[in-house]
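Structural features, examined
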Amino acid sequence: MLARALPGVAVVVGGSRYHAGLVAERELGATVHVLDDGFQHFQVERDVDLLLLSEEDLSDRPLPGGRLREPLTAAAAADAALVPAGYSTAVDRVARTAGIRTAFQMTRTLGSPRTIASPSESVVVPSQSRVFAMAAIARPERFFSDVSGAGWDLVDSMSFRDHHRFTPSDIKRITDAARTAAAAIILTTEKDGVRLEACDLGRLPFATVPLVVGIEPADKFRDWLLDRIR
């Protein structure tokens, strides 16, 4: 999914991030590494730590009682917080509570749905269309809320555990539920779409909905980040 979204950018996957980084540098000419979910990864020394932190996290607890990887007090080690919030006062409050001095607002919008069979091809799903949403990601309710907020009629939804690998019986459960709800199409995330490409999806159409993320103010964030990297 990342390789498709980032043409010309080296995407390296491996059991060891340290060795993957050596491959990126020595064989692919990389000079900057971007790690997903690397806040607790101490084997790779970071120059910049960006922590995605929401208002929900402020009242959450560490695993296994909650979803946080570490106590909230660990957030103060981040260089900046990226806060998904609709207004700047919420961004400031989240950062202040977490003890992070620099914070930027993260925006979320949905792009045009794309067919799973041909990820580069878009499909028209008119506003108010009856849709069934399915996701196997962390906090799937965010995706369901985004789908509903985009103007589609979310008639039902189904979620699986994060990183779930779909089986034929899963596909049957999904399509049966979508038909029962009289949905015209099944919408899912790009992350799930990659895993669904190898499945026989039957006749009911499936489409992925890209999540378009922005960081505001964009110019200020770009200048701040480039300055830290230099």
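We now turn to the structure provided with this report. (Residues numbered from 1 in each chain as written. Predicted model: local features only at pLDDT ≥ 70, side-chain atom pairs only at ≥ 80, totals over all residues. Heavy atoms only, no water.)

Okay, the sheet that holds strand E2 (residues 80-84) next. Read across the sheet, four strands follow the order E1-E2-E3-E9 without closing on themselves; strand pairing throughout is mixed. At either margin of the open sheet sits one strand with a lone partner, and together these are strand E1 (50-52) and strand E9 (211-216). Within the sheet, the average angular offset between the axes of one strand and its neighbour, ignoring direction, is 30°. Where E2 meets strand E3 (residues 103-110), four bridges bridge the pair, whose relative direction is parallel. Paired with leucine 82 across the strands is phenylalanine 104, a residue of E3. (Pairing = 2+ DSSP bridges. Helix = DSSP H or I, 4+ residues; strand = E, 2+ residues; numbered from the N terminus. Axes fitted to C-alpha atoms, helices over the stretch in contact; angles between N-to-C directions.)

Residue placement: alanine 135 occurs in strand E5 (residues 130-135). As for alanine 135 and lysine 191, which are separated by 56 residues in sequence, their C-alpha atoms are 8.8 Å apart. Excluding its chain neighbours within four sequence positions, the residues that come into contact with alanine 135 are Pro140, Phe143, Phe144, Met158, Ser159, Phe160, Thr188, Thr189 and Asp192. (Contact = heavy atoms within 4.5 Å.)

Time to look at helix H5 (residues 168-180). Between its terminal C-alpha atoms H5 stretches 18 Å, which fits the 18 Å expected from 13 residues at 1.5 Å a residue. Listed in full, the buried residues belonging to H5 are Asp170, Ile171, Ile174, Thr175, Ala177 and Ala178. Viewed along the axis of H5, the buried residues span an arc of 160°, placing them on a single side of the element. Exposed residues on H5 whose side chains face more than 90 degrees from its buried face are Pro168, Lys172 and Thr180. Buried residues in H5 make contact with E5, strand E6 (153-159), strand E7 (185-188), helix H6 (190-196) and strand E8 (206-208). (Expected span 1.5 Å × (residues − 1). Buried < 20%, exposed > 50% of the residue type's maximum accessible area, 1.4 Å probe, protein only. Arc of directions from axis to C-beta.)

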